[in-house]
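Reading the structure
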Amino acid sequence: MKKIFSVFRLDLHSLTKNLIVFVVVIGITILPALYAWFNIAANWDPYSSTGGISFAVCMLDKGCKFKSMEINAGEKITDGLKANDKMGWEFVDDEDEAVQGVENGKYYAAVVIPEDFSENLLSITSGKFSQAKLQYFVNEKKNAIAPKITDKGISTIQESVDAAYVSTIAETIATTLNFTEEELEGEKEKIADKLTTALGNAKTDIKSFNDSVDLLITSLDSVSDLIKSNKDMIPTIRKSLANVGVVTGDIKGLISSTQSTAAQLTTVIDNLITSGDSYAQSISTQLDDAFSTVSTDANAVASKISKIEVINQSRIAVNNKLISIFNGIQTNLGIDCSKVISKLESSNEKQNAIIDKIDAICDTIKTKGEVPANAKAELDSLISDAESSVAAASSEFSSVKGEIDSALNNSFTKLDSVADFAQTVSGTTDQLDKTFDTAATTVDDLKGVLNNLKTYLNSLSDRIDKAVDKIDTAKNNETLENLIIPVIEDPKALGSFLSEPVSYDTNRVYPIENYGSAMTPFYSALALWVGGVVLVAVLNVDLTESDRKKLGKANPVQLFFGRYLMFLVISQIQAIIIALGDLFFLKIQCDNPLLFVITCMLSSLVYSLIIYSLTITFSVIGKALAVIILIMQVAGSGGTFPIEVLPGPFKAIAPFLPFKYGINALRETVAGVDVSSYLYNLGMLMLFIIPALLLGLLLRKPCIKIIAFFNEKIEESDLVI
C-alpha cells in the first residue's frame, strides 16, 4: 500500500512542478463536461420548436352544396391548422408552388387538398361512395428526423379530416331533419312513417348490395379459371428449360460423373447463362399470341401478357442463383467475376423493367379499356435489351471461363454447390405449381367470406324488419321525442359528440419535463467514457525510468494501482463537474440530486478502470479498443432508441455493455427512483470492475513482451504517436 501511495505522490509532484502539465490536466477535467452540456442543451426540447418546420398546405377544395347547406370541409381543416402552432404551416394557393417547394427544400413537406374533397366526403349522401384523398409530399433527403415530424403533421391533418367528416355528416343529418318541437309533438306518427320509409329504402339497398355480392362470387369463379390457365402454362416453361439442359432427372449426378473434366462444369454454367434465349423466345411467342387479339378483346391481351411475368420471375431466379455461384467462385477460388455478376444484375433489372411495363399496360387496359398504341413495340424493345444483357453476361463469362476451369481442376468439391443450384432451378416450376395452388385456395377462402357476408346481409335485413316493428310501437310513447328533440335543437352538439365520442386521460408514470433531461443519462455517461479516453490519450499509464528509480523495487500490482490513483482522482473530478453542471448550470430535472452525483462518480470509476486496464495491457491497441467499445455502446446500449427495436447483433451485445447499466441507474435518479431497479443496475455496473482488474493485473503479464515489441516497431515508424 505504501508503494502505491508513493507512486501517487510522484505523480502529484510531476503535476505541480510543471505549470503547462497542470493546465493540460485542468483542461481534460473540464472537456468531458463541455461535451455533455452542449449535447444536452442542444437536445433540450426539440419537439417544442417544430413550429419552425415549414409545412405547405394548398387548399383547392371548392366545397359542395347539399340541399340548402353550403359545405366546405377543406376550409374547416385549414381553419383548424391555423390555430395549431405545432407545425410551421404555410398556406399557398398553387399546387405546383407547394410541390416545387418540397423538391427544392423550401418546405419539408406539403399537403394538397383537392378540388373535389368536400364532394367526395359527402358522396355517402348520394349513395356513390368516392374516397376523399389528400396528396402528401415529403422531402426525406433534407433531414433524417424531419420526415418523422412531418408524418405527425399529416396524421394531425388526417385526424382533423376524420373529425370534420363525422361532424359534417352528423350536422347535415340533424339539420335536414328540419323539425320543430311543436311539429314533432303534433306529427309523431308522420315522423315514424318517414323513419319506416327510410328503413325500407335501406332494406332495398341491402338487397341490391346482396346482388352485387352474387356477381362478385361469379367473378371469382372466373379468377379460378385464370389460375388454372396459368398452371397449364408451366409445362411450356419446363420444356424451354429442358431444351438447354437445365431441367434434368439428376443434374447433380451428371456433374459428379464428369468431375474428371472440369471444362464440362463451366459449360453447364454457360448453358445456364444463355438459357435466357429460351426464356426470351417463350416470352416473344406468348407476346405475339397475346397481341394477336388486340383488335378484338383488350382484356384478353391483358390476361395473356400478365402470364409472361412468370417467365420473367423464373429468369430472375436463375440469375440470382448464378450471382450466388459467382460470388462463391470469387470467395473460394479468388477469381474476379465482378463483371459477370454486374451483367447478370443488369439482366435482372431488364427483366423487372419488362414486369413493370406489363403491369403498366394491364393497368391502362383496365382503366381505359384499350391497349396502348406502342405497347408491343415497347415490350419488344425491352425484351431485346434483356437478350443483349444476357449476351453481355455470356461474353464476360467467356473471359474468365479459362481461369475457372484451371482452378476447378484442383477444387472438384465445389461442384456440389453448382449441382445443388441446378436442382434448385429445376424445382422452380414446381414452386410455381405450389404458388398457383395457394392462389386457388385463397380464392376459395374469399368465396367463403362472401357467402358469410350474404348470410350477414340477410340477417341485417331481418333486423330492419324488427326495427320497423319497434318504431310502430314507439308511436304510442315518448321515446321518439326523447331521441329526436335534442338532435334537432342542437345539430352541432350531435356532430361534436360523434366526431369524438371517446376521450382519454393520460397518466404519466415517472414524468420527465423535457427531452434534454431525458437524454441527460445518456450524454453524461458518454461524456464520462470520453473523459476516460482523453485521460489515456494525454497521460502516460506507465512510469518512466526515472520515476521507477526514485520509487525503488515495486511489483506490477503496486505499479498498476499507484498510477491508476491519478487517473481515478481526475476521473472523479470530471464526474463531479459533469454532474454539478447538469444540475446547476443546465438545471435538469432530477428526482435525487445526491444520488445522481454519486452514480456519476461510480460510473466514472468503472469506465476509467476499464479504459486504464485496456491501455496498460495493450498500449495503443488498448486505446483503440476503448474507442471501439465506445462506438458499440453508443449504438447498442439503449441510450437513444430502446434496445428492443435495435438490430439483432446489438440486442445480443447490450447485456455485456457497461453503458446499459450506467445509463439506467442515472435514469432512476433523474425521473424517480425505483429502489430495486436502481440497485440492480448499479450492482451490474460494479460487476464490470472484476473483468477490468483481471485484464489489468493478470492478462498484462503475458502480453508485456508482445506489446513492447509492437510499441518498438511503432516508434521506429516515426508516424504513430
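Here is what the cut-offs are and how they apply
Residues numbered from 1 in each chain as written. Predicted model: local features only at pLDDT ≥ 70, side-chain atom pairs only at ≥ 80, totals over all residues. Heavy atoms only, no water. Helix = DSSP H or I, 4+ residues; strand = E, 2+ residues; numbered from the N terminus. Buried < 20%, exposed > 50% of the residue type's maximum accessible area, 1.4 Å probe, protein only. Contact = heavy atoms within 4.5 Å. Areas by Shrake-Rupley, 256 points an atom, 1.4 Å probe, with all protein chains shown as cover. Patch = residues over 30% accessible without salt bridge, like charges linked within 9 Å, V, L, I, M, F, W, Y side chains within 5 Å. Salt bridge = Lys/Arg side-chain N within 4 Å of Asp/Glu carboxyl O. Lys, Arg positive; Asp, Glu negative; His and termini not counted. Charge placed at Lys NZ, Arg CZ, Asp CG, Glu CD. Pairing = 2+ DSSP bridges. Axes fitted to C-alpha atoms, helices over the stretch in contact; angles between N-to-C directions. pLDDT = per-residue confidence, 0-100. Core = buried A, V, L, I, M, F, W, Y, C linked by side-chain atoms within 4.5 Å. Expected span 1.5 Å × (residues − 1). Parallel < 35°, antiparallel > 145°, perpendicular 65-115°, else oblique. Nonpolar A, V, L, I, M, F, W, Y, C, P; charged D, E, K, R; others polar. Phe/Tyr/Trp six-rings, centres within 6.5 Å; stacked < 30°, edge-to-face > 60°. Lys NZ or Arg CZ within 6 Å of the ring centre and 35° of its normal.

Structural notes on the overall build of the protein chain
- Per the secondary structure count, the protein chain includes 28 helices and six strands.
- Here the protein chain holds 721 residues, and 41% of them are scored as buried.
- Within the protein chain, counting contacts between residues at least 6 apart in sequence, those at least 24 apart form 80% of the total.
- Accessible area of the protein chain: about 38,500 Å², with a carbon and sulfur share of 57%.

Quick word on a negative patch on the surface
- A cluster of like negative charges, contributed by Asp 93, Asp 94, Glu 95, Asp 96 and Glu 97, occupies part of the molecular surface.
- Residue placement: Glu 97 occurs in helix 4 (residues 95-103).

What about the sheet that holds strand 4 (residues 88-92)?
- Strand order in this open sheet of four strands is 4-1-5-6, and the pairing throughout is mixed. Taken across any chain shown, the strands that pair with only one partner, and hence form the sheet edges, are strand 4 and strand 6 (135-138). Looking at each pair of strands side by side, their axes are set apart by 20° on average, direction ignored.
- Looking at chain direction, strand 5 (residues 109-113) and strand 6 are connected through four bridges and run antiparallel. Across the sheet, Val 112 pairs through a bridge with Gln 135, a residue of strand 6.
- The sheet strands contacting helix 3 (residues 73-82) are strand 1 (54-59), strand 4 and strand 5, and the helix crosses strand 1 at an angle near 155°.
- With respect to the sheet, helix 4 is in contact with strand 1, strand 4, strand 5 and strand 6, its orientation differing from that of strand 5 by roughly 160°.

Comments concerning the environment of Gly 639
- Relative to the helices and strands, Gly 639 is located in the loop between helix 23 (620-636) and helix 24 (648-653).
- Residue contacts for Gly 639: discarding those within four places in its chain leaves Met 519, Phe 522, Ile 663 and Arg 667.

Structural notes on the confidence of the model for the protein chain
- Model confidence for the protein chain is summarised by a mean pLDDT of 74, while 64% of its residues fall at 70 or above.
- For residues 257-263, every residue scores under 50 in pLDDT, and the model assigns this stretch nine contacts once sequence neighbours within four places are set aside.
- Long-range and interchain partners of residues 497-502, a stretch whose pLDDT sits below 50, account for five contacts in this model, where long-range means more than four residues apart.

Here's the deal with the nonpolar core
- The biggest cluster of nonpolar side chains holds 66 residues, and the ones touching the most others in it are Trp 529, Phe 567, Phe 596, Tyr 607 and Phe 659.
- Counting residues in hydrophobic clusters, the runner-up holds 20 residues, among them Leu 287, Ala 298, Val 301 and Val 371.

Observations concerning the pairing of strand 1
- The element strand 1 is extensively covered by neighbouring structure, given that five of its six residues are classed as buried.
- Note that strand 1 and strand 5 share five bridges and pair parallel. Paired with Ala 56 across the two strands is Ala 110, which belongs to strand 5.

Thoughts on helix 13 (residues 338-368)
- In a regular helix each residue adds 1.5 Å, so 31 residues correspond to 45 Å; helix 13 covers 44 Å between its end C-alpha atoms and thus fits that length.
- Buried residues of helix 13: Val 340, Ile 341, Leu 344, Ser 347, Asn 348, Gln 351, Ile 354, Ile 355, Ile 358, Ile 361, Cys 362 and Ile 365, and no others.
- Gly 369 occupies a position one or two residues after helix 13 and carries a positive phi of about 75°.

Let's talk about unusual backbone geometry
- Its identity is not glycine, yet Lys 587 carries a phi of approximately 55°, on the positive side.
- Within the secondary structure, Lys 587 is located in the loop between helix 21 (556-585) and helix 22 (593-618).
- Its identity as a non-glycine residue notwithstanding, Ser 619 has a phi of 60°, on the positive side.
- By the element assignment, Ser 619 lies in the loop between helix 22 and helix 23.

Here we look at the pattern of salt bridges
- In the structure shown here, the tally under the stated rule is one salt bridge.
- Between Lys 62 and Glu 115 there is a salt bridge, and its shortest N-O distance comes to 3.7 Å. A residue pair is termed long-range when its members are at least 10 positions apart, and Lys 62 in the loop between strand 1 and strand 2 (64-66) and Glu 115 in the loop between strand 5 and helix 5 (117-121) qualify at 53 residues.
- Residue Lys 62 is classed as exposed on the basis of its relative accessible area, which comes to 63%.
- Judged by relative accessible area, which is 45%, Glu 115 ranks as partly exposed.

A closer look at the packing of helix 21 against helix 27 (residues 689-698)
- Look at helix 21 against helix 27: their axes get within 10 Å of each other, and the N-to-C directions meet at 125°. The angle between the axes of helix 21 and helix 27 places the two elements in the oblique class. Within the contact between the two elements, helix 21 uses Val 557, Phe 560 and Phe 561 and helix 27 uses Leu 693, Gly 696 and Leu 697.
- Looking at the contact of helix 21 with helix 27 residue by residue, the class counts come to five nonpolar, one polar and no charged.

Some words on the packing of aromatic side chains
- Counting across every chain of the model gives 13 aromatic pairs.
- Note on Trp 529 and Tyr 607: the rings are 5.5 Å apart at their centroids and 55° apart in plane angle, and the pair reads as tilted. In this pair, Trp 529 sits in helix 19 (residues 515-538) while Tyr 607 sits in helix 22, placing the two residues 78 residues apart along the sequence.
- On the accessibility criterion, Trp 529 (0% relative accessible area) is buried.
- Plain terms: the ring middles of Tyr 564 and Tyr 612 are 5.2 Å apart, the flat faces sit at 50° to each other, and that makes the pair tilted. Of this pair, Tyr 564 sits in helix 21 while Tyr 612 sits in helix 22; the two residues are 48 residues apart in sequence, bridging distant segments of the chain. For the residue pair Tyr 564 and Tyr 612, the accessibility class agrees, reading buried in each case.
- Here a set of aromatic residues connected by ring pairs shows up, and it is made of Phe 560, Phe 561, Tyr 564, Phe 567 and Tyr 612.
- The ring of Phe 91 has Lys 82 sitting right over it, with the charged end atom 5.4 Å from the ring centre.

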